[in-house]
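# Residue-level structure breakdown
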Amino acid sequence: MKTVKSILVLMIFCFLPKVNAQESGFNQDTKVQTKNELSYYQQRGLEDAQHEQQFKVKSKNEERVFWKEQKQYEKELRKNNRRAYNAYLQGKKEGYAAHHDHCDNHCDHSAYWYQNAGYYYYGYRQPQYENRTPRTSVNTQIGVGVPRVKLGIF
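Residues numbered from 1 in each chain as written. Predicted model: local features only at pLDDT ≥ 70, side-chain atom pairs only at ≥ 80, totals over all residues. Heavy atoms only, no water.

## What about the pattern of salt bridges?
If you walk through the whole model with that rule in mind, you get four salt bridges. The closest approach of N and O atoms between R44 and D48, which form a salt bridge, is 3.5 Å. Placement of both R44 and D48 in helix α1 (residues 2-54) is noted, with a separation of four residues, approximately one turn of the helix. Given the relative accessible area of 28%, R44 is considered partly exposed. Two residues, K92 and E52, come together in a salt bridge whose shortest N-O distance is 2.6 Å. Placement of K92 in helix α3 (residues 82-102) and of E52 in helix α1 is noted, with a sequence separation of 40 residues between them. According to the relative accessible area criterion, K92 is buried, its value standing at 0%. A single network of salt bridges, built from pairs that share partners, joins E52, E74 and K92. (Salt bridge = Lys/Arg side-chain N within 4 Å of Asp/Glu carboxyl O. Helix = DSSP H or I, 4+ residues; strand = E, 2+ residues; numbered from the N terminus. Buried < 20%, exposed > 50% of the residue type's maximum accessible area, 1.4 Å probe, protein only.)

Next up, the structure:
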C-alpha cells in the first residue's frame, strides 16, 4: 500500500509542472492573438478613414446612405467586441488627425462630411472653409424700480 501511494505521489509531482507549462503557453498564445486582432482593427480603422477622406459622392442621398452604413458597422462592432471597437476608433482618429494636418482649403469636403468627421477628430467640428465672423452682442441689464408705499397705523 505504501508503494502505491508513493508511486501515485511521484506521478503527480512529475506531471504537475507539465500541465502548468501547457496552461501558461495557452495564455501567451491568447495574448498574442488578441494583440494581432487589435492591430488588425486599428489598421482597418486607418484604412476606412483614408477611404472616407477620398470618397467622392454623386448626391447627398448617396452620402447619407454611406455614413449610415458606416455608423451601423461601428455599432455592430461595438456590440460584438468592445476592445476591437476601441482599436478601430483609435485607428480612425489617427487617420483623421493625419489628414487634418495637411488638409486646408484645397480639400473639397461637404458639410455633412465635416459633421461626421468631427466625431473622430475635434479639429473638424468647425470647418475651416467657413469664414465665420464672431457675433457682437451687448448684454444690458435694465432695472426698473417700483415705488414702495407703506401705510402705518401707529
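Having put the structure on the table, let's press on.
## Considerations on the packing of aromatic side chains
Going through the model one piece at a time under the given rule, you end up with four aromatic pairs. Plain terms: the ring middles of Y40 and Y41 are 5.1 Å apart, the flat faces sit at 75° to each other, and that makes the pair edge-to-face. According to the relative accessible area criterion, Y41 is buried, its value standing at 18%. On the numbers, 5.5 Å between centres and 70° between planes, the contact of Y73 with Y88 is edge-to-face. With Y73 in helix α2 (residues 60-80) and Y88 in helix α3, this pair connects stretches of sequence that are 15 residues apart. Relative accessible area serves as the criterion here: at 0%, Y88 is assigned to the buried category. What links up through ring pairs into an aromatic cluster is the set F55, F66 and W67. The ring of Y85 has R78 lying over it, and the distance from NZ or CZ to the ring centre is 5.6 Å. (Phe/Tyr/Trp six-rings, centres within 6.5 Å; stacked < 30°, edge-to-face > 60°. Lys NZ or Arg CZ within 6 Å of the ring centre and 35° of its normal.)

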